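Reading the structure
Residue strings, one per chain:
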Number of protein chains: 2
Amino acid sequence: MTALGSAAGPVAMSASPEAALSLAVAEALRGHRGANPLVGAVVTGADGAVLATGFHRGRGTAHAEVAALEQFAATSGIPPAEAILWVTLEPCDHTGSTGPCTEAILESGIRRVRYAVADPTGHDGGGAARLRRSGLEVEQVGPAAAETSGAEGLNRRWLQARDAGRPFVTAHLAQSLDGRVAAADGTSQWITGTESRRHAHAVRSRVDAIVVGTGTVAADDPRLTARDAAGHELAVQPVPVVQGRREVSVDAALRRGPEGAPRGWIHVREHDPRAVLDRLRQARTAWPHGGDRPGHLLIEGGPTVLAAWLGAGLVDEMFVYQAPLVLGGGPTGLDLPHLTTLTQALRLQPDPAENGGLSRLGEDVLLHYAAH
Amino acid sequence: MTALGSAAGPVAMSASPEAALSLAVAEALRGHRGANPLVGAVVTGADGAVLATGFHRGRGTAHAEVAALEQFAATSGIPPAEAILWVTLEPCDHTGSTGPCTEAILESGIRRVRYAVADPTGHDGGGAARLRRSGLEVEQVGPAAAETSGAEGLNRRWLQARDAGRPFVTAHLAQSLDGRVAAADGTSQWITGTESRRHAHAVRSRVDAIVVGTGTVAADDPRLTARDAAGHELAVQPVPVVQGRREVSVDAALRRGPEGAPRGWIHVREHDPRAVLDRLRQARTAWPHGGDRPGHLLIEGGPTVLAAWLGAGLVDEMFVYQAPLVLGGGPTGLDLPHLTTLTQALRLQPDPAENGGLSRLGEDVLLHYAAH
């Protein structure tokens, strides 16, 4: 148990909304950004002692509240009636791929719930009303605490995407330390190491679709499947989306799925990312994670396609895998010829997670950026 | 106090050479790579409990042994005669910018010294013999412990440079996340942020000379001074070295030092880094850190110069400052046109320090690479 708000060590104090929610935000940031919002939860005693924490890892996994309540039930010695549940987002009252959080909270025996941001999904009314009807003391914290804890801004880009009726967009760049994505002769397999590739394949299996340009298909003939370290296809596969006007070869590897079976894929004969979004909105496709629209896209390139999405302000997060190699020649990963001077540069920011979006993958580094 | 070799917590155990030296190596890696070798020291009890640690920060600062012995004297409760001093490198018996470590050890009262690698400098005979003559129990650990602890490989590149009679060489690259060192119109101030620039200026003040190409001088007219955050020149200034055949303008900023005073600088009208090294070896110049030869060079670029040094295998470490900016056009930082395919790429490695050579400088990242 750690006391909140005390640098000097665990001392008893009353739970401060800012401190409890800041911790919940830090938990939330451990999750994958994508189709679902980031959510973090903390269970404290009335004195502010932290009894359990949880976060939502991503679509299809336990919600943050459920994770925290399970930890609380397994490890805490105090009666639930003395505990407080803090959540960055109003608990859901909706049965999706997991059950409603309201039920998990009611079953836990916890009677006091504090949340920062109202449920933005509009499913079935908010969970707060349902919990209040069941006699729980449920409060939304004031705007100051929601703001300073970071809960308010946590899903800013996710909400923008949702309000625009578009999926969350992740971009991917694998380059040498001097920013090259291929050698002068076009060879690019493998610039990055096995751990980077494993990470990239895990991202592929989380998204609904991977967008590449016709140039990438012609040059690299990528399979665009999500594979494990041994090269075997994972259970969930993204839908390949090819952007651009050139034809896609009848032999293109992306037309085939596991064991060579024909696979659904989409060709959007346009250069504008908005046209791709329109087309995906209308596509009658079995999206791998369910739903009638893609919730999460991955833009893999090449340089023109990636630049088009970034330039349109449609990239919500970006993973840069950087190998300790000097290529000294060959193409770079982003072509934005209309940017001619430094003041026009596109500015991203380090992902706000605890490690500042910075990690090592074998000898490579992974830089995780967020859109402003 | 932390017991060595125990993940479970501090328990009494006899000091293992591998464990003590591994910790000393980790300490050593906290120092600046450059004109002096990396050295780390640890004081343990006979049971292996760690009583003090120290490392050599860089030229002109306390040696590792002295740092560890000072901490031991200030904080340890045990008599010096019961302690063991572990050092990655044989203690020096030489008066340079600091006094000999042998004297500090004799004054400390510690009677048992273990070191991994024999003094490679050849100054005045090794310190081990001197300490033995004074009655201390001094042993060089076996080659297995020196190897597995990392002490043996710690100064591999430093020793190579020394054996070749050349300075230690640091390279510098400041780029956008897509590997551009300037926008298409040549603007490059400032791609990186204030914290990156402060780090880069601290490196400048540690080196004897900064090498740039005539192209960089013509394009950017850099001052090549080491400045603090407020823009004031630091006390110690590197000697500018310009490499290449083009003339350097009589108005070039690098010709002037603090307050506009004329400043010593060197023009080497050659493209080959080896010619630059030869010329610096012969130069009758007041090197800022003393000595009759430069002990540490910084290669700042541009792309052709940096590539020439890297391609010649003459770069011992490299700092890459990377800003969260997308430039989408403009030059990259390394031109190696003879590398045409991926298998020819130059491979560096992450610096082996605790953080894996990876840190955040404001919104930028610093990637620290070591030569293989």
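Computed from a prediction, not measured in an experiment: that's the story for all the values here.

Moving on, we get to the sheet that holds strand β5 (residues 137–140) of chain A. Residues and elements named next belong to chain A. Pairing within the open sheet is mixed, and its five strands lie in the order β2-β1-β3-β4-β5. Lying at the two open borders of the sheet, with one neighbouring strand each, are β2 (50–55) and β5. In this sheet, neighbouring strand axes are inclined to one another by 15° on average, regardless of whether the strands run parallel or antiparallel. Bridge count between strand β3 (residues 83–89) and strand β4 (residues 112–117): five bridges; the pairing is parallel. In the strand pairing of β4, tryptophan 86 is matched with arginine 114. Strand contacts of helix α1 (residues 17–28): β1 (40–45), β2, β3 and β4, with the helix running at about 140° to β1, the strand carrying the most contacts.

What follows deals with the nonpolar core. If you look at the biggest cluster of nonpolar residues, it comprises 72 residues, and the most contacted ones within it are Trp309 and Met318 of chain A together with Trp309 and Met318 of chain B. When residues no more than four places from it in sequence are discounted, the contact partners of tryptophan 309 of chain A are Val169, Val211, Gln243, Pro273, Val276, Leu277, Leu297, Ile299, Leu314 and Val315 of chain A.

Residues and elements named next belong to chain A. Averaged over all residues, the pLDDT of chain A equals 91, while 95% of them reach at least 70. Contacts from residues 5–13, a stretch scored under 50 in pLDDT, to residues over four places away or in other chains number twelve contacts. In the model output, the complex is listed with pTM 0.92 alongside ipTM 0.90.

Here we come to the pattern of salt bridges. Residue and element names in this part refer to chain B. Applying the stated criterion across every chain, the model contains 28 salt bridges over all chains. Note that glutamate 139 and arginine 114 form a salt bridge whose closest N and O atoms lie 3.6 Å from each other. In this pair, glutamate 139 sits in strand β6 (residues 137–140) while arginine 114 sits in strand β5 (residues 112–117), placing the two residues 25 residues apart along the sequence. A residue is classified by how much of its surface remains accessible, and glutamate 139, at 40% relative accessible area, is partly exposed. Put simply, arginine 157 and aspartate 316 hold a salt bridge, and the shortest N to O gap is 2.7 Å.

Residue and element names in this part refer to chain A. What the rule picks out here adds up to two aromatic pairs over all chains. Geometrically, the ring pair formed by phenylalanine 319 and tyrosine 321 is tilted, given 6.4 Å between the ring centres and 35° between the ring planes. Here the two residues phenylalanine 319 and tyrosine 321 agree in accessibility, since each one is buried. Cation over ring: arginine 197 sits above tryptophan 190, and NZ or CZ is 4.1 Å from the ring centre.

Let us now look at the packing of helix α2 (residues 64–75) of chain A against helix α3 (residues 101–108) of chain A. Residue and element names in this part refer to chain A. Across the interface, α2 lies against α3 with an axial gap of 9 Å and an inter-helix angle of 20°. Put simply, α2 runs roughly parallel to α3. For the pair α2 and α3, the crossing hand works out as left-handed. When α2 is examined against α3, the residues Glu65, Val66 and Leu69 are found in contact with a partner set consisting of Cys101, Ala104, Ile105 and Ser108. Class assignment for the residues of the contact of α2 with α3 results in five nonpolar, one polar and one charged.

This part is about the relation of the copies chain A and chain B. Rotating chain A by 180° and translating it 0.0 Å along the rotation axis places it on chain B, where the RMSD comes to 0.0 Å. With respect to symmetry, the two chain copies, as superposed, fit the operation of a two-fold axis. Of the C-alpha atoms belonging to chain A, the one lying closest to the rotation axis is found on glycine 179 of chain A, 2.0 Å away. Comparing contact sets, 100% of the residues at the interface of chain A also lie at the interface in chain B, consistent with an isologous, same-surface contact.

Residue and element names in this part refer to chain A. Within strand β6 (residues 168–176), eight of the nine residues are buried, which leaves it mostly tucked inside the rest of the structure. Pairing between β6 and strand β10 (residues 296–301): four bridges, direction parallel. Following the sheet pairing, alanine 171 is matched in β10 by isoleucine 299. Across seven bridges, the pairing between β6 and strand β11 (residues 317–323) is parallel.

Cut-offs used in this document
Residues numbered from 1 in each chain as written. Chains lettered and ligands numbered in written order. Predicted model: local features only at pLDDT ≥ 70, side-chain atom pairs only at ≥ 80, totals over all residues. Heavy atoms only, no water. Pairing = 2+ DSSP bridges. Helix = DSSP H or I, 4+ residues; strand = E, 2+ residues; numbered from the N terminus. Axes fitted to C-alpha atoms, helices over the stretch in contact; angles between N-to-C directions. Contact = heavy atoms within 4.5 Å. Core = buried A, V, L, I, M, F, W, Y, C linked by side-chain atoms within 4.5 Å. Buried < 20%, exposed > 50% of the residue type's maximum accessible area, 1.4 Å probe, protein only. pLDDT = per-residue confidence, 0-100. Salt bridge = Lys/Arg side-chain N within 4 Å of Asp/Glu carboxyl O. Phe/Tyr/Trp six-rings, centres within 6.5 Å; stacked < 30°, edge-to-face > 60°. Lys NZ or Arg CZ within 6 Å of the ring centre and 35° of its normal. Parallel < 35°, antiparallel > 145°, perpendicular 65-115°, else oblique. Left-handed = near helix turned anticlockwise from the far one by under 90°. Nonpolar A, V, L, I, M, F, W, Y, C, P; charged D, E, K, R; others polar. Least-squares fit on C-alpha atoms with pLDDT ≥ 70 in both.

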